[in-house]
Amino acid sequence: MEEILDILYAYAQETQIDAYLNTWEHLRLTYDLEEDWEAFRSVLTAEQDRRLDALLLKEKKAGQLEEKAAFCCALSMGVSLGRL
């Protein structure tokens, strides 16, 4: 079952997510965020930059696990509703 969930999750990530995020609001937010990160990082020392990268990597991994869990829950609910 875990393998099927992994395959469906990968499919959704590769083919479906962009359709939901391809909005003016998301594009603008992403652009502004990139500019803000560049400005913030420009004042960090090399050590601070390395520590920040390590923290952001941990945060990203946690976010991916949470996102996958939400996907699995939504899929499970969809299957359950389909049985009604």
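Right, let's walk through the structure included here. This is a predicted model, so every value here is computed, not measured.

1. Digging into a nonpolar patch on the surface
Part 1 of the argument: Where nonpolar side chains cluster on the molecular surface, the patch consists of M1, I4 and L8 and spans about 330 Å² of accessible area.
Part 2 of the argument: Structurally, I4 can be placed in helix α1 (residues 2–21).
Part 3 of the argument: A residue is classified by how much of its surface remains accessible, and I4, at 48% relative accessible area, is partly exposed.

2. Brief notes about the packing of helix α2 (residues 24–41) against helix α3 (residues 46–82)
Part 1 of the argument: It is the contact of α2 with α3, at a shortest axis distance of 11 Å, that shows an interaxial angle of 145 degrees. Residues W37, F40 and R41 of α2 touch α3, and the partners they reach there are D49, L52, D53 and L56.
Part 2 of the argument: When the residues that make up the contact of α2 with α3 are grouped by side-chain class, the tally is four nonpolar, no polar and three charged.

3. Overview of the pattern of salt bridges
Part 1 of the argument: Counted according to the given criterion, the structure contains six salt bridges.
Part 2 of the argument: Between K68 and D6 there is a salt bridge, with the nearest N and O atoms lying 2.2 Å from each other. Placement of the pair is K68 in helix α3 and D6 in helix α1, with a sequence separation of 62 residues.
Part 3 of the argument: For D6, a relative accessible area of 30% gives the class partly exposed.
Part 4 of the argument: Here D49 ties to R41 by a salt bridge, and the two come within 2.3 Å at their closest N and O atoms.
Part 5 of the argument: When its relative accessible area of 24% is taken as the criterion, D49 is described as partly exposed.
Part 6 of the argument: Taking the relative accessible area as the measure of exposure, R41 reaches 26% and is therefore partly exposed.
Part 7 of the argument: Linked through salt bridges whose partners overlap, the residues forming this network are E2, D6 and K68.

Cut-offs used in this document
- Residues numbered from 1 in each chain as written.
- Predicted model: local features only at pLDDT ≥ 70, side-chain atom pairs only at ≥ 80, totals over all residues.
- Heavy atoms only, no water.
- Patch = residues over 30% accessible without salt bridge, like charges linked within 9 Å, V, L, I, M, F, W, Y side chains within 5 Å.
- Areas by Shrake-Rupley, 256 points an atom, 1.4 Å probe, with all protein chains shown as cover.
- Salt bridge = Lys/Arg side-chain N within 4 Å of Asp/Glu carboxyl O.
- Helix = DSSP H or I, 4+ residues; strand = E, 2+ residues; numbered from the N terminus.
- Buried < 20%, exposed > 50% of the residue type's maximum accessible area, 1.4 Å probe, protein only.
- Axes fitted to C-alpha atoms, helices over the stretch in contact; angles between N-to-C directions.
- Contact = heavy atoms within 4.5 Å.
- Nonpolar A, V, L, I, M, F, W, Y, C, P; charged D, E, K, R; others polar.

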